[in-house]
Amino acid sequence: MGEKNSKQRIEAVKLEYGEEISEEIATNALRTSVNFFSALKATDGHWPAEMPVMCLYISGHLNTVLPAEHRKEILRYIYCHQNEDGGWGLNIEGHSTMFST
């Protein structure tokens, strides 16, 4: 991550409660999201994250795909990013959620 400039180029739009969502507001929100996730994408085309590792574990393929040393370092990384409440967020800076924990 961080291989590209992730600075947002489109200003965020804040809506008031009950305010109508115009086509312009929806388009700006979509552009902001696309810019954000494009900036996170690695140069080889994938999005680095913890979720693929969790999917390998859940599917029972973790031990067949990754060698023991890689698994050890993955565990170290995951525990280093554990939140104070014992859980994990959807990203390393996110608050704990049931889905991620």
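Each value, and the rule that gives it
- Residues numbered from 1 in each chain as written.
- Predicted model: local features only at pLDDT ≥ 70, side-chain atom pairs only at ≥ 80, totals over all residues.
- Heavy atoms only, no water.
- Helix = DSSP H or I, 4+ residues; strand = E, 2+ residues; numbered from the N terminus.
- Buried < 20%, exposed > 50% of the residue type's maximum accessible area, 1.4 Å probe, protein only.
- Areas by Shrake-Rupley, 256 points an atom, 1.4 Å probe, with all protein chains shown as cover.
- pLDDT = per-residue confidence, 0-100.
- Contact = heavy atoms within 4.5 Å.
- Expected span 1.5 Å × (residues − 1).
- Arc of directions from axis to C-beta.

Regarding the overall build of the chain
A tally of helices and strands in the chain yields four helices and zero strands. The linear arrangement of helices and strands in the chain, starting from the amino end, is α-α-α-α. Per-residue burial over the chain gives 14% buried out of 101 residues. As presented, the chain carries roughly 8,400 Å² of accessible surface, and 59% of it is formed by carbon and sulfur atoms.

As for the confidence of the model for the chain
When pLDDT is averaged across the chain, the result is 77; 81% of the residues are at 70 or more. Here helix α2 (residues 51-59) is the element of the chain with the lowest mean pLDDT, 74, and helix α4 (residues 68-80) is the one with the highest, 85.

As for the environment of H95
Position of H95 among the secondary structure elements: in the segment after α4. Assessed through its relative accessible area of 65%, H95 is described here as exposed. Between the C-alpha atom of H95 and that of D85, which follows or precedes it by 10 residues, the distance is 9.3 Å. Other than its neighbours up to four places away in sequence, H95 contacts N83, W88, G89 and L90.

Section: helix α1 (residues 23-40)
When the terminal C-alpha atoms of α1 are compared, their 26 Å separation across 18 residues agrees well with the 26 Å that a helix rising 1.5 Å per residue should span. I25, N28, T32 and A39 are the residues of α1 that are buried. Viewed along the axis of α1, the buried residues span an arc of 65°, placing them on a single side of the element. Seen from the open side of α1, the exposed residues pointing more than 90 degrees away from its buried face are E23 and L30.

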